[in-house]
Each structure stands twice: as structure tokens, then as C-alpha cells.
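Here is how the chains run, residue by residue.
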Amino acid sequence: MSLQTLPRDQIQRLHDEFLTAYRQLQDEQLTLDITRGKPSPAQLDLSEVLLSLPGAIRQDASGTDVRNYGGLDGNLQLRQTFAEILGIPVEQLLAGENASLSAMHDAIVYALLHGVPGSERPWAREDSIAFICPVPGYDRHFAITERFGIEMLTVPMLEDGPDMDAVRELVADPSVKGMWLVPTYSNPTGYTVSDDVARQLAEMTTAAPDFRIFWDNAYAVHHLTEERTPSADLLGLCAQAGNPDRAFVFASTSKITFAGSGVGFFGSSPANVAWWRENISFRTIGPDKVNHLRHAMYLRDPEAVHQLMAGHREILAPKFDTVLRILSDRLGPHEVATWTQPRGGYFVSLDVVEGTAKRVVQLAREAGIALTPAGSAFPHGLDPRDSNIRIAPSMPTVEQLEVAIDGLATCVLLAATEQALAS
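All of these numbers come straight from a predicted model, not from anything done at the bench.

### Section: the overall build of the protein
Item 1. Counting its regular elements, the protein contains 13 helices and 13 strands.
Item 2. Along the longest, intermediate and shortest principal axes, the C-alpha atoms of the protein span 75 × 55 × 35 Å.
Item 3. Looking at the protein as a whole, 56% of its 423 residues qualify as buried.
Item 4. Sequence-distant contacts, at least 24 apart, represent 77% of the contacts inside the protein between residues at least 6 apart.
Item 5. In the protein, the 34 positive side-chain charges and the 53 negative ones have mean positions that sit 5 Å from each other.

Laid out in C-alpha cells, this is it:
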């Protein structure tokens, strides 16, 4: 039965019960952290062989000495592997530095300073510019646009992708220049953009000529079940729709191999790739080709990538199962929260009673459980309903997660009864 429908005396009894459990939680003096989606040491150990590669090999398959300058496009073998995984022609996919986030940052900077193919002028010379931000979404995306003073316009992130009625309404304004989107196992909901929604994004007729979708395919191979949910081919759909330059595709090996020493990728139309190549030629003489080579040797083909990700799944799936089981057992009977049940990715999105998310995070912090700040999945950290909390299960052990999520559930229930009594 919903807590909200109970008589006041029953709510008071529950509140007293949850307060007692919370004080016991505080007495345990916990130091648990479920703030960010970092791979655990066990996951990093899966790629330990990288530390011994490339060994005595100094040249890549083309005969290039990887210790020297040059090679803006990146290692061809590695690009071939990820071109197949991402569904992008290899000549339209470049391998760069260690992370895709830095490439997204640079793409914004290049657009501000120089515009993109189809721009009448650099974005910075426009009277105003805005980005569409599906919410809940990725806090680091929003941090980039906030950093550069770009207005952020929110639309709901639904189970099959962003609310397209809202998107179509917004892109009719030519000042709307871009859109953030994690298409597969999105951060933090775990939702995946359907082929139909991707087709609608590609076919929109009212968007500005220099409108770009920042398609951050960070979790394309991060499955939590044996089913490999495919990513929609936005780049191909844009080409078919006559809008070939609309998509910027980003990906990386950051949560495949070593999170801090991976390889980032940029893929797009021939015109956008030429634009990208020209811009990066002024900031680098070439990426870390030694790192590219070691990754090409280790991730020799798509099946090698999928085999490695099966190892990640064996570590991650029990952690997600633990989170979902405890949320269901502790919160389900009281109907004070809803949560996503992702089939991949790195997060669970928890929605608590409206107006209590900040209180839940505060209670958890004071009990030694660190959570991502409430509202982080919204631009400027402002969740208008104060209800969303992102859970990152990857770093702790299963045993630590059991304690952390059980404690989180206690905080959710205590905050819910506090509010019910106050109202």
C-alpha cells in the first residue's frame, strides 16, 4: 500500500521505525561511495595485458614507427575494429586521444570559434545559441555547455529516446545548434534510442543547417545481459535523409580497457571529418600511436571486444542485480520510488518522492554513503521535481553495495515519511 494513503498514526509508526534504522546506520560509521561510474579494480584487471604491450614491436601494420610524430587519423586496424562495432565507414572514423569527452569539448570549441559545415558564421558570433538536453542526462555533457554559456533546453528522455514532439518544436528555432544524446544504455536511465526515433532525428526538416547531434555512444558494447542491444545507425539515417552532416558520433574504450588510458573516436560525414581533421591539425601532430597499437593488438577484432565485455558483464551484472533486488524489497511495498532496470550501461536512475531527493542525499551523506548530488542529471544541477538520484553500482564490491543500497533505501523511506508527516 502506498505510504501516501496511510493514516497519520501509521505513517508516524513507520517514521519512528525508519528513524531508528537510520540511527543504527549512522552508528556503523560507513565510508561507502556510489557517486561515479568508475570501473572497479577487477574490471581494470581484465586488461592488464595492455601494460606489457606493444612489447618489442615498434611499427604498426602500415609500417609506421609508432614512437614518432604523425598519423592524425589514428591506427587503421583499431579504427577498422570500431568502425564495424559502431557501424561507421572506416574512412569516416578517426581514433584520437584517451577520451571521447575531450573530443566533445573540442568540438564545441571549434564550432564556437569557426562554425561547422553549414554555418553562416562561428557559433560565438550568433546572438545566442542553445543545446537540447534530454533529461535525466549526463552531467558532464551539461557541464561543457554551461562552461561556455550555452543555453540548455530540456526535453524528457523516454524509454525509446528523447520526446520527439518537444525536440521538433525546439529545433524550429535556428539558435538551437546542438543536442546531447547517449543513444545506447543512456546515462543515467539505461534507455536506448529506437531506430524509429533515430530516423525522426535524422529526418527533421526545420533544424538549422549547422545543427549537430552529439551522439555519445559511450556504452555501445556495455551489455548487462547476453543480449547485445544494437545502436541505431544515426549517421547512415542522416545520410539517407539528406542531412549527412547532422551527426557527430563519439565513442571510446574508456570503460572497455583502462578508463584513464583508453582511445577516443570521432565519426561523422566526410565533410565533418575533413572539418575535424583540419581543426585538430593545429593542436596536435598526432595521437598516442603507442597506445593505439597496444589497443589494436589487444582488441584485434570486434569479437575480441565482445569477449572482453563478457568479462565485464560477469563482474557488473551481479552488482546491478543487487541494487534492483534491494530497491524492490525495501521500497516496492511502500510505493515511494520508481527506478529503471537497465540492460546495459553503468547506472540506475532512481526517482524518489517529489521534493525529497536532496534530503535523501543529505541523509545518506551523514550516514557515510556518498551519492551523486541530487539534480546532477539536469542542467545546472536543477531538477525541477527534486526527485532524481543516480546510482553508480560499478566501483564497490557486491557486499559493499548491499550495505550502501540498503542504507539508501532507509534514507528514502525516512525522507518520505518526514514529508508525509509535514504535509
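Let us keep going from here.
### Examining the sheet that holds strand S8 (residues 247-252)
Item 1. Across the sheet, eight strands lie side by side as S2-S9-S8-S7-S6-S3-S4-S5; this open sheet has mixed pairing. The open sheet terminates on both sides in strands that have one partner only, identified here as strand S2 (93-95) and strand S5 (161-162).
Item 2. Across three bridges, the pairing between strand S3 (residues 130-135) and strand S6 (residues 176-181) is parallel. Looking at the pairing, Ile 132 lines up with Met 179 of S6.

### Some thoughts on the pairing of strand S7 (residues 212-216)
Item 1. Within S7, five of the five residues are buried, leaving the element largely enclosed by the surrounding structure.
Item 2. Of the two faces of S7, both are covered, the one formed by Arg 212, Phe 214 and Asp 216 as well as the one formed by Ile 213 and Trp 215.
Item 3. Looking at chain direction, S6 and S7 are connected through four bridges and run parallel. Bridging from a neighbouring strand, Gly 178 pairs with Arg 212 of S7.
Item 4. Read from S6 through helix H7 (residues 195-203) to S7, the crossover connection turns out right-handed.
Item 5. The β-α-β motif built from S7, the intervening helix H8 (residues 234-240) and the parallel element S8 has right-handed crossover chirality.

Thresholds applied
- Residues numbered from 1 in each chain as written.
- Predicted model: local features only at pLDDT ≥ 70, side-chain atom pairs only at ≥ 80, totals over all residues.
- Heavy atoms only, no water.
- Helix = DSSP H or I, 4+ residues; strand = E, 2+ residues; numbered from the N terminus.
- Buried < 20%, exposed > 50% of the residue type's maximum accessible area, 1.4 Å probe, protein only.
- Contact = heavy atoms within 4.5 Å.
- Lys, Arg positive; Asp, Glu negative; His and termini not counted.
- Charge placed at Lys NZ, Arg CZ, Asp CG, Glu CD.
- Pairing = 2+ DSSP bridges.
- Right-handed = clockwise from strand over helix to strand, strands pointing away.

These results come straight from atomic positions and should not be treated as a statement about function.
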